[in-house]
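Each chain is listed here by its residues.
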Amino acid sequence: MLGVVEAFSASYGEARRKFLQSCVAAGLSVDTHPLPLDGRDGEQLAMDVALDGPADAQRLLLLTSGCHGVEGHCGSGVQVFALHDAEWRAKARDAGVAVLYVHALNPHGFSHTRRVTQENVDLNRNFLDFGEPLPVNAAYASLHPLLLPEDWPPTPANQAAIAAWTAKHGDAAFQAAASGGQYQFDDGVFFGGQAPTWSNRTLREVLRRHAQSAKRLAWIDIHTGLGPSGIGERIFAGRDDPAAKARADAWWSGGGQTPVTSIYDGSSTSALLSGLMMNAAYEECPQAEFTGFAMEYGTLPLMEVMAALRGDHWLDRHPDAAPELADAIRVRMRDAFYTDTDLWKGQVISQARQACFQAVEGLAR
């Protein structure tokens with residue numbers, strides 16, 4: 001049995017090696033979708049997929065990592081541990097549930113310590129009908145020049161201007177404006193894109209290839225960056241459907257866990273978002289009853305996470321920044337989305353493992 005700490009990795013390259021080796025050890029073949037760009041260390045980038053169970057399974061659980069690249073440190077650790085967890089694999093197999101592991105949905109962001117894709121797109125804002133008019137986030141437009149100032153670190157005047165905006169409109173309004181998704185500023189934070197990204201198109205291909213036999217489909221997507229450190233908030237993901245939310249509550253609110261939260265009723269630490277990735281489940285797998293949630297593990301306080309994101313986008317706009325400043329920005333970014341301690345990793349695995357067991361029990365009912 002692989003140890004909890006050993007399941008996690010310090011880089012994308014290490015995480016991918018561990019995932020591929022774990023698939024070999026588990027006797028699973030890997031469906032690799034290469035991204036034709038180099039990683040930060042010159043390594044190959046890819047979205048790797050492994051199916052544990054029959055290809056025609058009618059009950060299917062997706063376990064995905066790295067939607068927001070740098071958050072892949074956490075999600076990859078969960079997947080690698082699961083592939084070595086004999087009790088878990090037997091639980092799914094005996095219940096007639098196949099498990100589809102999708103590693104590094106956004107490999108470029110994972111490798112380069114960024115949250116966004118190579119197109120500077122937030123993948124979890126990119127699943128829209130781009131043939132229709134895109135949402136307009138007017139509040140973000142007023143914040144954009146403040147969030148991405150010309151100088152970094154931000155000047156006292158910049159910090160005061162953001163504090164004044166927040167004091168006027170409120171903390172919740174600031175979070176909603178900044179993080180809800182915007183489609184007008186292609187160099188800005190939480191940009192949803194003007195077209196489907198490579199990751200969007202590739203994930204849809206994966207769903208078409210591996211999830212067409214599923215009559216009941218569950219999806220757990222691993223995220224980090226919101227909430228108290230080490231606590232995995234279970235955020236309902238999908239359309240605003242009371243029946244699906246009721247299933248999610250029934251499956252994942254037991255075992256001493258707090259209720260599944262929702263962006264639709266204001267109970268989540270997340271703002272209301274546009275272009276959610278799990279929309280793809282409805283579009284690519286219309287034959288399946290779908291139940292999904294995002295497991296959101298806390299790291300640092302919200303404004304510290306936001307500052308890290310702002311610095312990352314500033315650096316992308318200023319590639320000639322001093323090496324010392326660039327390194328500091330990258331370290332801050334990694335720390336904002338990956339707490340590299342044994343305690344945090346143990347919290348992550350224990351909660352993810354429980355959620356996976358609950359998903360199998362729910363699918364098998």
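How each quantity is defined
Sequence order as written defines residue numbering, which begins from 1 separately in each chain. Under the rules for a predicted model, residues below a pLDDT of 70 receive no local features and side-chain atom pairs below 80 are neither given nor counted, while totals for whole chains, interfaces and linings still include all residues. Where side-chain values are given, they derive from all heavy atoms of the structure, hydrogens and water being excluded. Only DSSP runs of H or I reaching four residues or more are called helices, and only runs of E reaching two or more are called strands; each is numbered from the N terminus. Taken over C-alpha atoms, the radius of gyration is set against a globule rule of 2.2 Å times the number of residues to the power 0.38. Each residue's exposure class comes from its accessible area (1.4 Å probe, protein chains only) as a fraction of the maximum for that residue type: buried when under 20%, exposed when over 50%, partly exposed otherwise. Contacts are assigned to residue pairs that have any heavy atoms within 4.5 Å of one another. Working definition of accessibility: Shrake-Rupley area with a 1.4 Å probe, residue cover restricted to the visible protein chains. Within this scheme the basic residues Lys and Arg register as positive and the acidic residues Asp and Glu register as negative, but His and the chain ends are omitted. In plain terms, the charge of a residue is placed at NZ if it is Lys, CZ if Arg, CG if Asp and CD if Glu. Strands qualify as paired when DSSP identifies two bridges or more between them. Here, axes are lines fitted to C-alpha atoms. For helices the fit covers the stretch in contact, and angles between N-to-C directions go from 0 to 180 degrees. What makes a nonpolar core is a set of buried Ala, Val, Leu, Ile, Met, Phe, Trp, Tyr and Cys residues whose side-chain atoms join them at distances within 4.5 Å. Any carboxyl oxygen of Asp or Glu that lies within 4 Å of a side-chain nitrogen of Lys or Arg is treated as forming a salt bridge with it. Note on ring pairs: Phe, Tyr and Trp rings are taken, using the six-membered ring of Trp, and paired if centres are within 6.5 Å. Classes follow the plane angle, with under 30 degrees stacked, over 60 edge-to-face and the rest tilted. Throughout this description, the term charge over a ring refers to an Arg CZ or Lys NZ atom that lies within 6 Å of the ring centre and within 35 degrees of the ring normal. Distance and chemistry together define a polar contact, namely a pair of N or O atoms within 3.5 Å, with one atom able to donate a hydrogen and the other to accept it when in protein, and with adjacent residues in sequence counting only for side-chain atoms on both sides.

Observations regarding the overall build of the protein chain
Within the protein chain one finds 13 helices and seven strands. Its C-alpha atoms give the protein chain a radius of gyration of 20 Å, within 12% of the compact-globule value 21 Å for 365 residues. Reported as C-alpha extents along the three principal axes, the dimensions of the protein chain are approximately 60 × 45 × 40 Å. Here the protein chain, with 365 residues, has 59% of them falling under the buried criterion. Here the contacts in the protein chain between residues at least 6 apart in sequence split such that 81% fall between residues at least 24 apart. About 14,100 Å² of surface is accessible on the protein chain, with carbon and sulfur atoms providing 55% of the total. Charged side chains in the protein chain number 30 positive and 43 negative. The centres of these two groups are separated by 5 Å.

Notes on the sheet that holds strand β3 (residues 59-64)
The seven strands are arranged β1-β2-β4-β3-β5-β7-β6 in an open sheet whose pairing can be described as mixed. The two strands at the open ends of the sheet, each matched to only one other strand, are β1 (30-38) and β6 (232-237). On average, adjacent strands in this sheet sit at an angle of 20 degrees to one another, irrespective of strand direction. Two elements, β1 and strand β2 (residues 44-52), share seven bridges in a ladder whose sense is antiparallel. When the bridges of β2 are listed, T32 appears paired with D48. Packing of helix α1 (residues 12-25) onto the sheet brings it into contact with β1, β2 and β4 (97-103), and relative to β2 it is tilted by some 30 degrees.

Considerations on the nonpolar core
Of all hydrophobic cores here, the largest spans 43 residues; its most connected members are L61, W88, Y101, I220, I222, W252 and Y297. Broken down by element, the residue count for this core peaks at 10 residues, all from helix α13 (residues 342-364). Counting residues in each nonpolar core, the second largest holds 37 residues, with A15, M47, W219 and C285 among its members.

Things to note about the environment of L203
Mapped onto the elements of the fold, L203 is located in helix α8 (residues 198-210). Assessed through its relative accessible area of 1%, L203 is described here as buried. Separated by 62 residues in sequence, L203 and D265 place their C-alpha atoms 28 Å apart. Sequence-distant contacts of L203, that is, excluding residues within four places in its chain, are made with M47, L105, F127, W219 and M277.

Overview of the pattern of salt bridges
For the structure on display, the rule yields 23 salt bridges. We note a salt bridge from D312 to R114, for which the minimum N-O separation is 3.0 Å. Here D312, found in helix α11 (residues 302-317), pairs with R114, found in the loop between α4 (107-111) and α5 (138-147); they are 198 residues apart in sequence, far enough to count as distant. Under the relative-accessibility criterion, D312 is labelled buried at 7%.

Considering the packing of aromatic side chains
One pass over the structure, following the stated rule, counts 10 aromatic pairs. Considering the side-chain rings of Y12 and F110, the 5.3 Å spacing of their centres and the 70 degrees angle between planes classify their relative orientation as edge-to-face. Residue Y12 is found in helix α1, and its partner F110 is found in helix α4; the two are separated by 98 residues along the sequence. Accessibility expressed as a relative area gives 2% for F110, which makes it buried. A cation over a ring is seen here: R239 above Y282, with NZ or CZ 4.1 Å from the ring centre.

As for helix α3 (residues 86-94)
When α3 is considered as a whole, its buried residues turn out to be W88, R89, A90 and A92. Where α3 is buried, its residues touch β2, β3, α2 (72-83), β4 and α13. For α3, the side-chain oxygen to backbone nitrogen distance between the N-cap and E87 is 3.3 Å, and the N-cap itself is D85. Where α3 ends, the next residue or the one after it, G96, has phi of about 75 degrees, a positive value.

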